[in-house]
Amino acid sequence: MRIAVFLALLVVALGYAAWRGGGPERVMAVIAALMVVLDPLLHRIVPAQFASLDTGHLIIDLFGAMTTIALALAAHRFWPMGMAVLHILPLLAHSSRALDLAMHPAAYLVMQVAPSWLVAPVLIGATWHHRRRLKASGTDPSWHSSPV
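Model, not experiment: these values are computed from the prediction.

Observations regarding the packing of helix α3 (residues 55-74) against helix α4 (residues 79-99)
Part 1 of the argument: Two elements in contact, α3 and α4, have axes separated by 8 Å at closest approach and are oriented at 155°. The angle between α3 and α4 falls in the class roughly antiparallel. Like other packed secondary-structure pairs, α3 and α4 cross with a definite hand, here left-handed. The segment α3 lies against α4, with H57, L58, D61, L62, G64, A65, T68, I69, L71 and A72 engaging W79, P80, M81, M83, A84, H87, I88, P90, L91 and H94.
Part 2 of the argument: Looking at the contact of α3 with α4 residue by residue, the class counts come to 14 nonpolar, five polar and one charged.

Below, the structure written as structure tokens:
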């Protein structure tokens, strides 16, 4: 049931960001959608495991961290920095698992999954603030301008 609630909330956030968001919100929607789609595809090749290092989720989490860090560097917004942190936190779970193989599998699972619950509310809030800035000033720059 919790997975259905998570996916429903994420679908709402992705749809809202794609429909009403600016460039950074739409890019984040694509990143989040790709991570959700990659999960079952990758686990056809690499089964999910929490008793040892979960390489499947490690690959997905590396993708999420790298892309959201790139988004945070390019976007003319503050929220992508927080989103990047949410995608870096699962990497700490993988590091902890690699350093301590005696870690309880449930602790490893929670450390990996818990930050993802904040992605949808942050994206909804970011899109809502984008719409507010547009309404207030008529403009909301999406990207840092290049000095070139």
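Some words on the pattern of salt bridges
Part 1 of the argument: One pass over the full model with this rule turns up three salt bridges.
Part 2 of the argument: Across the salt bridge formed by R77 and D140, the nearest N and O atoms sit 3.3 Å from each other. Placement of the pair is R77 in the loop between α3 and α4 and D140 in the segment after α6 (119-137), with a sequence separation of 63 residues.
Part 3 of the argument: Since its relative accessible area comes to 12%, D140 is described here as buried.
Part 4 of the argument: D140 is the salt-bridge partner of R133, the closest N and O atoms lying 2.9 Å from each other.
Part 5 of the argument: What you see here is one network of salt bridges that share partners, running through E25, R77, R133 and D140.

Structural notes on the nonpolar core
Part 1 of the argument: Core analysis: the largest hydrophobic core is formed by 21 residues, its most contacted members being L10, L14, M28, W79, M83 and L123.
Part 2 of the argument: For this core, the element with the highest residue contribution is helix α2 (residues 23-45), accounting for six residues.
Part 3 of the argument: Setting aside chain neighbours within four positions, we find L14 in contact with A29, A32, A33 and L123.

A word on the side chain of H57
Part 1 of the argument: Here H57 lies in helix α3.
Part 2 of the argument: Owing to a relative accessible area of 16%, H57 belongs among the buried residues under this scheme.
Part 3 of the argument: For H57, the side chain forms a polar contact with the side chain of D39, separated by 2.7 Å.
Part 4 of the argument: With residues near it in sequence (within four places) discarded, H57 still touches D39, H43, A48, F50, H94 and Q112.

Description of the layout of surface pockets
Part 1 of the argument: Size it by volume and the largest pocket reaches roughly 830 Å³.
Part 2 of the argument: In terms of lining residues, the largest pocket is bounded by 26 residues, among which F6, D39, H57, V113 and S116 are the most central.

Here's the deal with the confidence of the model for the chain
Part 1 of the argument: Here the chain shows a mean pLDDT of 92. Residues at 70 or above account for 98%.
Part 2 of the argument: The secondary structure element of the chain with the lowest average pLDDT is helix α5 (residues 105-113), at 89, and the one with the highest is α6, at 97.

Quick look at the packing of aromatic side chains
Part 1 of the argument: For the structure on display, the rule yields one aromatic pair.
Part 2 of the argument: Between the NZ or CZ atom of R20 and the centre of the ring of W19, over which it lies, the distance is 4.9 Å.

Remarks on the side chain of S142
Part 1 of the argument: Assignment of secondary structure puts S142 in the segment after α6.
Part 2 of the argument: Given the relative accessible area of 17%, S142 is considered buried.
Part 3 of the argument: Filtering out sequence-adjacent residues up to four positions away, S142 remains in contact with G22, G23, P24, A74, A75, H76 and R77.

What to know about α3
Part 1 of the argument: The end-to-end C-alpha distance of α3 is 29 Å, a good match for the 28 Å that 20 residues give at a rise of 1.5 Å each.
Part 2 of the argument: Buried within α3 we find G56, H57, I60, D61, G64, A65, T68, L71 and A72. Buried residues in α3, looked at end-on, bunch into an arc of 155°, giving them a common side. Within α3, the exposed residues directed more than 90 degrees away from the buried face are M66 and L73.
Part 3 of the argument: Close packing links the buried residues of α3 with α2, α4 and α5.

Cut-offs applied
Residues numbered from 1 in each chain as written. Predicted model: local features only at pLDDT ≥ 70, side-chain atom pairs only at ≥ 80, totals over all residues. Heavy atoms only, no water. Axes fitted to C-alpha atoms, helices over the stretch in contact; angles between N-to-C directions. Helix = DSSP H or I, 4+ residues; strand = E, 2+ residues; numbered from the N terminus. Parallel < 35°, antiparallel > 145°, perpendicular 65-115°, else oblique. Left-handed = near helix turned anticlockwise from the far one by under 90°. Contact = heavy atoms within 4.5 Å. Nonpolar A, V, L, I, M, F, W, Y, C, P; charged D, E, K, R; others polar. Salt bridge = Lys/Arg side-chain N within 4 Å of Asp/Glu carboxyl O. Buried < 20%, exposed > 50% of the residue type's maximum accessible area, 1.4 Å probe, protein only. Core = buried A, V, L, I, M, F, W, Y, C linked by side-chain atoms within 4.5 Å. Polar contact = N/O pair within 3.5 Å; in protein donor to acceptor, adjacent residues only side chain to side chain. 1 Å grid on protein atoms, 1.4 Å probe; cavity = no way out; pocket = protein on both sides within 12 Å on 5 of 7 lines; lining within 4 Å. Points joined across faces, edges and corners; volume = space filled by probe spheres on them. pLDDT = per-residue confidence, 0-100. Phe/Tyr/Trp six-rings, centres within 6.5 Å; stacked < 30°, edge-to-face > 60°. Lys NZ or Arg CZ within 6 Å of the ring centre and 35° of its normal. Expected span 1.5 Å × (residues − 1). Arc of directions from axis to C-beta.

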